[in-house]
Structure formats: C-alpha cells, structure tokens
Amino acid sequence: MMKKQGEIYVKNDADKWFERNMYSNHNCFTEHLTDIFPKSFLRNKNIAEFGVGRGNNILFLSNYSKQIDGYDGSSKAIAHLEKLKESRPNIDGMKVNLGEEFGGLRTYDVIIFGFFTYMLSNEEFKVLVENSKKLLNKNGYIYIYDFLSETMIEKMDSHNDKLKVFKRNMDFYLDEMKDFYLQHFKLWDNSKLNEYMNKDNQHTLDVFIESDDYNWTFSSLFKLK
Ligand SMILES: C[S@@+](CC[C@H](N)C(=O)[O-])C[C@H]1O[C@@H](n2cnc3c(N)ncnc32)[C@H](O)[C@@H]1O
C-alpha cells in the first residue's frame, strides 16, 4: 500500500523543516488572531496550534491564553516547546501525525491549523477536521491559514519528490468545514508576510493584492455549529 503523505512527512521532513527555518518572530496571521478576538476572551481559553514550526507563535500566544499547546510531527519542534515550558508553564507540546487520528493533551476553545494543510492529502484533511471536532469544546473555533488558489492544484514538493503540495480553493474549505460557520476571512499576499509585521495592525485591507492567485494566502476563522 502507498504510504500516506503525513507518514512520509513526519519520518524525515518535519525535522528538516525545523532545521531549515531559523527565523524567530511570530507571524502576521497569529497576530491577526489576537486582534480578531477580544483579549479578555482569549485570556482564560485553551488554544492549540497544529503545525508549530519553530514555536514562535506558541511563545507569542502564551502571553494571551490560559494554555497553549503545540502539535507537530517534528521531535525537534516538540523538544523546543518543552524547553520553552521551563519558563512558560502554560506551554505544552506533543509529537503527532496531523494526518491521522490522535488524542490530545486536553480539549480546546481554539485550534489553529498553522500553515501545514498544504502538506496533507484531501483524505488526510478530512481526518484532521473530524479529529479536531473531537478536540474542540462547545462553541469552539478553528483558525486556519494556508495557501489559497482559484483552482485545485497538486504539484511535487521541491524538498521531497515523494510528497505533493496542495493549493486549494475556497469551495474546498467551505465544503470540508460544513459543520462550522465561517466568521472571518482575510486574503494575504504570501510574498509580503514580513512586510505586514511592520504594520500597526493586521486588519487593514491590502488593496494591492494581485488578481493573479500565485501569492494568495488566506486566513479564516470557523466556529463549530
Ligand atoms: C510551514 S510550517 C508552519 C509553522 C508555523 N505554524 C508558522 O506558520 O510559522 C509547517 C509545520 O507543520 C508540520 N507538519 C507538516 N505536516 C505534518 C504532519 N502530517 N504531521 C505533523 N506535523 C506536520 C511541520 O513539521 C512544520 O513544523
């Protein structure tokens, strides 16, 4: 039987991503999340980030939440969260394959899909959403940020030719997230993510985003029905 994307990714590629990406700031999408929600709302909430990378968003969110847990396939990423936990006790982490069912450390008010679903097949995306529903508290939210495309695109991953990269359209997300209400949507330009971090807030519309979808990235907040 063909190995699933997640299985292949977690074996080697997850740690390689950690080693390749050394930047140290949280991203504009996570900052935007703390702008969308009232700060007083987040303060007593349990949040999880799926696909944590270097843990920079986790560290940032530990200032805003009761508990922030990171889930990732990279042992190095999880070891890094354990190190952060020594000075930030509201941080925890667990190594998982996000494309398979797994049990969480606790249940959550907000689960963030942090720019990794492009590495999951459509079947694995379905498993992820079903698993996340089990891990969400009543009225819980999923916040997702990832590539966005007008058409459904699958192409070979430049880092590993056994893997595919998926760029999906909004119809796909709305269909897969049909048990959720879409509460917030924003289109971003993937080539300007660092530039956005210099803005006073992440709310302002980028009126210069090109009509061509090559650099489109989106963030969406979904609330469980
Ligand atoms: C592009 S990084 C994003 C990191 C962070 N959320 C950010 O935006 O800076 C994607 C992360 O997802 C993890 N990842 C990708 N596919 C995975 C899978 N199937 N299971 C577990 N982790 C996975 C990678 O190891 C990596 O840490």
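Everything below is about the structure printed above this text.
Residues numbered from 1 in each chain as written. Predicted model: local features only at pLDDT ≥ 70, side-chain atom pairs only at ≥ 80, totals over all residues. Heavy atoms only, no water.

Break down a nonpolar patch on the surface for me, with residues and values.
On the surface, a nonpolar cluster with roughly 250 Å² of combined accessible area is contributed by Leu 174, Leu 182 and Phe 185. Of note, Phe 185 is situated in strand β8 (residues 180–189). Assessed through its relative accessible area of 37%, Phe 185 is described here as partly exposed. (Patch = residues over 30% accessible without salt bridge, like charges linked within 9 Å, V, L, I, M, F, W, Y side chains within 5 Å. Areas by Shrake-Rupley, 256 points an atom, 1.4 Å probe, with all protein chains shown as cover. Salt bridge = Lys/Arg side-chain N within 4 Å of Asp/Glu carboxyl O. Helix = DSSP H or I, 4+ residues; strand = E, 2+ residues; numbered from the N terminus. Buried < 20%, exposed > 50% of the residue type's maximum accessible area, 1.4 Å probe, protein only.)

Would you mind going over the sheet that holds strand β2 (residues 67–72) in detail, with residue names and values included?
Ordered in space as β3-β2-β1-β4-β5-β9-β8, the seven strands form an open sheet in which the pairing is mixed. At either margin of the open sheet sits one strand with a lone partner, and together these are β3 (91–95) and β8. Neighbour-to-neighbour, the strand axes of this sheet turn through a mean angle of 15 degrees, independent of strand direction. Here helix α5 (residues 75–85) sits on the sheet and contacts β2 and β3; the angle it forms with β3, its principal contact strand, is near 160 degrees. Helix α6 (residues 122–135) contacts β1 (46–50), β4 (108–114), β5 (136–147), β8 and β9 (216–224) of the sheet and is inclined by roughly 145 degrees relative to β5. (Pairing = 2+ DSSP bridges. Axes fitted to C-alpha atoms, helices over the stretch in contact; angles between N-to-C directions. Contact = heavy atoms within 4.5 Å.)

Just give me the short version of the site of the ligand, but keep the residues and values in it.
What surrounds the ligand is a group of 23 residues, the closest being Tyr 23, Glu 49, Gly 51, Asp 72 and Gly 114. In this structure, Gly 73 approaches the ligand through a main-chain N or O atom, which is 2.9 Å from a nitrogen atom. Gly 114 places a polar main-chain atom, nitrogen or oxygen, 2.8 Å from a nitrogen atom of the ligand. In the complex, 95% of the free accessible area of the ligand, which totals 600 Å², lies under the protein chains. If you tally residues by element for the shell around the ligand, the top one is helix α1 (residues 5–20), at five residues. When its residues are assigned to classes, the shell around the ligand shows 13 nonpolar, eight polar and two charged. (Near = heavy atom within 4 Å. Polar contact = N/O pair within 3.5 Å; in protein donor to acceptor, adjacent residues only side chain to side chain. Nonpolar A, V, L, I, M, F, W, Y, C, P; charged D, E, K, R; others polar.)

Run through the side chain of Ser 62, naming residues and quoting values.
Turning to its location among the elements, Ser 62 is positioned in the loop between α4 (56–61) and β2. Here Leu 59 takes part through its backbone oxygen, which lies 2.6 Å from a polar atom of the side chain of Ser 62. There is a polar contact of 2.7 Å between the side chain of Ser 62 and the side chain of Arg 88. Residue contacts for Ser 62: discarding those within four places in its chain leaves Ile 68, Arg 88, Asn 90 and Ile 91.

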